[in-house]
Amino acid sequence: MTRTRPTTADEPVLGFAVSVLFHAAIVAVSLFYFRNVFDAAPETHAVPVDLIQVAEKTNVQAMAPPPPKEEKIETQQTPIEPPPLPEFQEAEPSPEVTIPKFKIQPEPRKTARQQQDFNALLNKLTKAEKTPPKNAKTADRIIQGIGAMNGMTADLADALKSQIYRCWSPPVGAPNAADLVVDFDLQLNQDGSVASLRPSLGSQAAASANPYTRAAVDAARRATYQCQPYRLPADRYAQWREVDPLRFDPREAMGVR
Amino acid sequence: MKKLIAILIAFLALAAPAQAALQVDVTTPNPQPLPIAIPEFVPTTPAEAQAGANIASVIRADLERSGLFKPIDPKAYVDKITNPNVAPQLANWRVINAQALVTGAVLTQPDGLLRAEFRLWDVYGGSQMIGQRVWASPNDWRRIAHKISDMIYEAVTGEKGYFDTRIVFISESGPAIKRVKRLAIMDEDGANPIFLTRGDYLVLTPRFNPTAQMIAYMSYIGTKPRVYLFDIETGRQEMLGNFPNMTFSPRFSPDGNKVVMSLENAGNSDIFLMDLRSRAVTRLTTDPAIDTAPSFSPDGRQIIFESDRGGAQQIYVMNADGTGQRRVSFGSGRNSTPVWSPRGDMIAFTKQDKGRFNICVMRPDGTGERVITSGWQDEGPTWAPNGRVLMFTRSAQGGRGSEIWSVDVTGRNERRVLTPGNASDPAWSPLITNGGS
């Protein structure tokens, strides 16, 4: 009997066995390895944050004068003084300066028309969000699927995304939405708290050159810290302990992608 | 075959410990006002206690009004800042969900000026974002507060603030048949309103020059409406040019050296440019239709204006010398009163469509039109100096009189600007700068 060449039906069995073996090994190794590392983490986390701010940022003893900052000199200037009344051509006695009583008017009642206005506004907003073509998003997902972002981790990415976005309020008034796209390298502790969060070199450079990007980096950092700890499946910690890049990209929401 | 498996094993063994990092794209922002705590500024002597409280209170009001911040009620604070020169216990501010904290002190300088020092803290990031000193005459404590608001706004949003600015507008009083319209000016927050004219003559369309020292406006002094200049510092007003017919709709060039305006002649109005130093006048349009409401681009190279040369009012653009005139608004309805954003990226205008007046924006080439507000009569937009917020005149049906409203360029945060009585025709000043020192 001649030996048949292995069919495609045999290969997956072998592959599957190998895969199971190694995944089990990886999980076992990482669980064993990281248990020690992260037992201590929750305590160490809060401390460095406070230490950094005192040592690096403030660096003063109590009652010391504030660290030298740019000084903004403000003196009384003419624009501040109330302007005198105009000189009129007609020879009339100069009228008294009338400073109107500053009445705070009650909030205008919400009429049916204003309600409509509000609805119109909402409709408008909803409309705006519809504009990006649906297929663009799908295409993104496929591209992301290449490499580390595959079917195995897509659910983790979605889980993290859904927890971060609630806290994310970027400065959407920027004239150029692309300035607001920022990348971070996020390391997470096993309890879902932030171990470290660093903007990518590219985002750091952009932030130092562009005030909108700097504000975007700050907003993303606030979001990431504020919404921690992240609830992610503990048994898959190895897959989510590092998120790189953690990208914040409001372009689609701003309707310019 | 065995070799292949061996290579695969080796590859997996290498790859497995260096677990590839997860990639996450966060694409859906949740725009919310930033919760910020602004405790009273700590006084150095009891005499400054009131100033410390007042300054903090004005900063809170400024930031709240912008719609981008949510100042936390001081009653909710669990910590008290007693020494602003040491790092605050940020954990105590996290408890009340503050994302930013402003700590500050006030003191009286030896020269009698009031000085405020403040720091803005990133409560979750654990760092100081900015720290600055601002000083001025004690009477100008509101301006100190506005300056600080501007710096906080800029640190958080990346764009310049607009709190240390003023609004010139037309204050309206009296019964509808005998309406008194006076030129008036106030701070951006509605404080310090002052009438500049007494109301003997009708005044319309006031506009600031780039230093906020001069106002161009139209007034019916004598028999014909004409453009006048008003110097805020001296209170002196003068007629701009001596034209046989009416002049109206003035606006300064970005360098402040020229005024562009409409000049009417036998029912036809065209746009003219006057050099304020030489008083030389250049004609920019010659069309038999009504050309008016000119507004310069921030670089001074182009002028956007309205014209009914195509039948109904639409928006056109031309070079600053009058060449290259072309229509840019092709949306529905009639489009008028275009104003170029100080940032250059947008044109705000009034759209009259289906019986409503709307405030809209579009790009300078006419694309990307968006309705920002819609009302029975919303008209005459003016830009904040950062190109982020608009003010406009709103009149409701039923003759309640006109009011000034503000709205973010995203269409959010529509608010009434508090004025003494009815008001219309607002014009936003540039950021107030200090000439000297």
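Scoring rules and cut-offs
Residues numbered from 1 in each chain as written. Chains lettered and ligands numbered in written order. Predicted model: local features only at pLDDT ≥ 70, side-chain atom pairs only at ≥ 80, totals over all residues. Helix = DSSP H or I, 4+ residues; strand = E, 2+ residues; numbered from the N terminus. Buried ≥ 20, exposed ≤ 12 C-beta atoms within 10 Å, placed from the backbone. Pairing = 2+ DSSP bridges. pLDDT = per-residue confidence, 0-100. Contact = placed C-beta atoms within 7 Å. Arc of directions from axis to C-beta. Axes fitted to C-alpha atoms, helices over the stretch in contact; angles between N-to-C directions. Parallel < 35°, antiparallel > 145°, perpendicular 65-115°, else oblique. Left-handed = near helix turned anticlockwise from the far one by under 90°. Core = buried A, V, L, I, M, F, W, Y, C linked by C-beta atoms within 7 Å. Expected span 1.5 Å × (residues − 1).

1. Considerations on the overall build of chain B
The helix and strand inventory of chain B stands at four helices and 31 strands. Judged by the C-alpha coordinates and their principal axes, chain B covers about 90 × 80 × 45 Å. Within chain B, the fraction of its 437 residues that count as buried is 51%.

2. Some details on the pairing of strand 15 (residues 247–252) of chain B
All names here are of chain B. Burial of strand 15 is extensive: six of the six residues sit out of reach of the surface. Across four bridges, strand 15 lies against strand 16 (residues 258–265) in antiparallel orientation. Within the sheet, the bridge partner assigned to Arg251 lies in strand 16 and is Val260. What sits between strand 15 and strand 16 in their antiparallel hairpin is a turn of five residues, with Gly256 showing a positive phi close to 80°.

3. A word on the pairing of strand 13 (residues 226–231) of chain B
Residues and elements named next belong to chain B. Pairing between strand 12 (residues 214–219) and strand 13: six bridges, direction antiparallel. The residue of strand 13 that forms the bridge with Ala216 is Leu229. As consecutive antiparallel partners, strand 12 and strand 13 are separated by six residues, and within that stretch Gly222 has a phi angle of approximately 80°, a positive value. Pairing geometry for strand 13 and strand 14 (residues 237–239), over three bridges, is antiparallel.

4. Quick word on unusual backbone geometry
A cis amide bond, omega -5°, links Gln228 of chain A with the succeeding residue Pro229 of chain A. Put simply, Asp244 of chain A and Pro245 of chain A share a cis peptide bond, and its omega is 0°. Looking at the element boundaries, Pro245 of chain A is found in strand 4 (residues 242–248). At Ala266 of chain B, a position not held by glycine, the phi torsion is positive, near 50°. With respect to the helices and strands, the residue Ala266 of chain B is situated in the loop between strand 16 and strand 17 (268–275).

5. Looking at the confidence of the model for chain A
All names here are of chain A. The predicted model of chain A has a mean per-residue pLDDT of 63, with 47% of residues at 70 or higher. In the model of chain A, helix 2 (residues 41–58) stands out as the element of lowest mean pLDDT, 34, in contrast to strand 2 (residues 182–188), which has the highest, 94. Below a pLDDT of 50 lies the segment residues 36–149, which in the model reaches 123 contacts outside its immediate sequence neighbourhood of four places, other chains included.

6. A closer look at helix 6 (residues 201–209) of chain A
Given 3.6 residues to a turn, an α-helix orients residues that are three or four positions apart in the same direction. Residue and element names in this part refer to chain A. Where helix 6 is concerned, the buried positions are Ser203, Ala206 and Ala207. Projected onto a plane normal to the axis of helix 6, the buried residues spread over an arc of 100° and lie on a single side. Residues Leu201, Ala205, Ser208 and Ala209 are exposed on helix 6 and point more than 90 degrees away from its buried face. Contacts made by the buried residues of helix 6 are with strand 2, strand 3 (194–199) and helix 7 (211–226).

7. Structural notes on the sheet that holds strand 9 (residues 180–187) of chain B
Residue and element names in this part refer to chain B. Taken in spatial order, the four strands line up as 10-9-8-31 in an open sheet, and their pairing is antiparallel. The open sheet has two edge strands with one neighbour each: strand 10 (194–195) and strand 31 (422–428). Where strand 8 (residues 166–173) lies against strand 9, eight bridges are found, and the strand directions are antiparallel. Among the inter-strand pairings, Ile167 is bridged to a residue of strand 9, identified as Met186.

8. So, the packing of helix 6 of chain A against helix 7 of chain A
Helix-helix packing: each pair is described by the crossing angle between the helix axes and the interaxial distance. All names here are of chain A. Packing of helix 6 against helix 7 leaves a shortest axis separation of 5 Å and a crossing angle of 130°. Taken together, the axes of helix 6 and helix 7 lie oblique to each other. Helix 6 and helix 7 meet at a crossing whose hand is left-handed. Side by side, helix 6 and helix 7 meet where Ser203, Ala206 and Ala207 of the first sit next to Thr213, Arg214 and Val217 of the second.

9. Some details on the sheet that holds strand 28 (residues 389–395) of chain B
Residues and elements named next belong to chain B. What the four strands build is an open sheet, ordered 27-28-29-30; its pairing is antiparallel. The open sheet has two edge strands, strand 27 (377–383) and strand 30 (415–417), and neither has a second partner. The sheet shows a mean angle of 35° between the axes of neighbouring strands, direction not considered. Bridge count between strand 29 (residues 402–408) and strand 30: three bridges; the pairing is antiparallel. Note that in strand 30 the partner of Ile404 across the bridge is Val417.

10. With respect to the nonpolar core
All names here are of chain B. Counting residues in each nonpolar core, the largest one holds 77 residues, and the members touching the most others are Ile36 and Ile55. In contact with Ile55, other than residues within four places in its own chain, are Phe41, Val106, Ala116, Trp141, Ile144 and Ala145. Residues Leu183, Met346, Met391 and Ala423 belong to the second largest nonpolar core, which totals 71 residues.

11. Let's talk about helix 2 (residues 49–65) of chain B
All names here are of chain B. Spanning 17 residues, helix 2 covers 25 Å between terminal C-alpha atoms, matching the ideal 24 Å at 1.5 Å per step. Taken as a whole, helix 2 has its buried residues at Ala51, Gly52, Ile55, Ala56, Val58, Ile59, Arg60, Asp62 and Leu63. Buried residues belonging to helix 2 abut strand 2 (34–37), strand 3 (42–43), strand 4 (69–71), strand 5 (100–108), strand 6 (114–122) and helix 4 (141–157). Downstream of helix 2 by one or two residues, Gly67 has phi in the positive range, about 80°.

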